[in-house]
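Observations on the three-dimensional arrangement
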Amino acid sequence: MDIPLQIAFHRAEKSDWAEEEIRARVAKLQTFYDRIVGCRVTVDQRARNVEGTLPPVVRIEISLPGMAPLVVAYEPDRLQHKYQSPDLGNAINDAFGIAERRLSLLKESREGRGKGADHDSQNQFLGQVAQIYPEEDHGFLLTKEGGSLYFHRNAMLQGDFDKLRVGDEVHYVEEVGDTGPLATKVRVAATR
């Protein structure tokens, strides 16, 4: 990197282990994409609840040559859907996981191997509906890894969103959106 790594803690207690983990994860990012010019990571405790269980926001800004910075900001509400008791370690892990996927996609697209050239069946996964909120037009899928993946009503290509029930099997394609990973091209799995 041309610009030294910057790590900042706002309204969050500075932690040596967290700083070491961030440095290690940034070094790993450089293995995904060796043209990183600079990186700034901010740990910000934006809100607190009575129990003090809201994890901080981990924001990563990656400077790349000839393009706008790649920004990842993993919000606490997404962590709370994914983990029972989310903490700073979960926030760091998930934010850097998103950054790694975005850099890998960027590298693939620059090398002419973008996902657009692949057929959807190669990128499709089987999951099941974990939570559904028809009145709010979204839900969450349980992935094969046991994670939770957001999807919107508009992501449904086959099947009726209003008839989905918890436990229904669906096929989906995982993509990275502005706020993290999400399910797109959702199709209800054929019943046997």
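Only a predicted model underlies this, so the values are computations on that prediction, with no experimental measurement involved.

**Some remarks on the nonpolar core**
Ranked by size, the top nonpolar core spans 27 residues in total, and within it Val41, Val58, Ile60, Ile62, Leu64, Phe96 and Leu103 carry the most contacts. Mapped by element, the contributors of at least two residues to this core are α1 (16-32), β2 (38-44), β3 (57-63), β4 (70-74) and α3 (88-110). Here this core gets 9 residues from one element, more than from any other, and that element is α3. Leu149, Phe151, Phe161 and Tyr172 belong to the second largest nonpolar core, which has 13 residues in total.

**What about the packing of α1 against α3?**
Relative orientation and spacing of two packed helices are given, respectively, by the angle between their axes and the distance between those axes. Here α1 crosses α3 at 10°, and the two axes come no closer than 10 Å. Relative to α3, the element α1 lies roughly parallel. For the pair formed by α1 and α3, the contact residues are Trp17, Ala18, Glu21, Ile22, Arg25, Val26, Lys28, Leu29 and Phe32 on the first element and Leu88, Gly89, Ile92, Asn93, Phe96, Gly97, Ala99, Glu100, Leu103, Ser104 and Lys107 on the second.

**A short note on the pattern of salt bridges**
Counting across every chain of the model gives 9 salt bridges. The closest approach of N and O atoms between Arg25 and Glu100, which form a salt bridge, is 3.1 Å. Taken together, the residues Arg25 in helix α1 and Glu100 in helix α3 connect sequence positions 75 residues apart. Overlapping salt bridges bring together Glu21, Arg25, Lys28 and Glu100 as one network.

**So, unusual backbone geometry**
For Asp137, which is not glycine, the phi dihedral falls at a positive 60°. Along the polypeptide, Asp137 turns up in the loop between β5 (124-133) and β6 (138-142). One non-glycine residue, Lys185, adopts positive backbone phi at about 50°. Here Lys185 is to be found in strand β10 (residues 180-188). Since its relative accessible area comes to 29%, Lys185 is described here as partly exposed.

**Regarding the confidence of the model for the protein**
Per-residue confidence for the protein gives a mean pLDDT of 82; residues scoring 70 or more make up 82%. Overall, residues 114-118 carries pLDDT values under 50, and its contacts beyond four positions in sequence, including any with other chains, amount to 6 contacts.

**Side note on the packing of aromatic side chains**
Each aromatic ring pair is specified by the distance between its two centres and by the angle formed by the two planes. A full pass over the atoms with the stated rule returns 3 aromatic pairs. Geometrically, the ring pair formed by Phe140 and Tyr150 is edge-to-face, given 5.9 Å between the ring centres and 70° between the ring planes. Note that Phe140 is positioned in strand β6 and Tyr150 in strand β7 (residues 148-152), a separation of 10 residues in sequence. The exposure class assigned to Phe140 is buried, which follows from its relative accessible area of 8%.

Rules and cut-offs
Residues numbered from 1 in each chain as written. Predicted model: local features only at pLDDT ≥ 70, side-chain atom pairs only at ≥ 80, totals over all residues. Heavy atoms only, no water. Core = buried A, V, L, I, M, F, W, Y, C linked by side-chain atoms within 4.5 Å. Buried < 20%, exposed > 50% of the residue type's maximum accessible area, 1.4 Å probe, protein only. Helix = DSSP H or I, 4+ residues; strand = E, 2+ residues; numbered from the N terminus. Axes fitted to C-alpha atoms, helices over the stretch in contact; angles between N-to-C directions. Parallel < 35°, antiparallel > 145°, perpendicular 65-115°, else oblique. Contact = heavy atoms within 4.5 Å. Salt bridge = Lys/Arg side-chain N within 4 Å of Asp/Glu carboxyl O. pLDDT = per-residue confidence, 0-100. Phe/Tyr/Trp six-rings, centres within 6.5 Å; stacked < 30°, edge-to-face > 60°.

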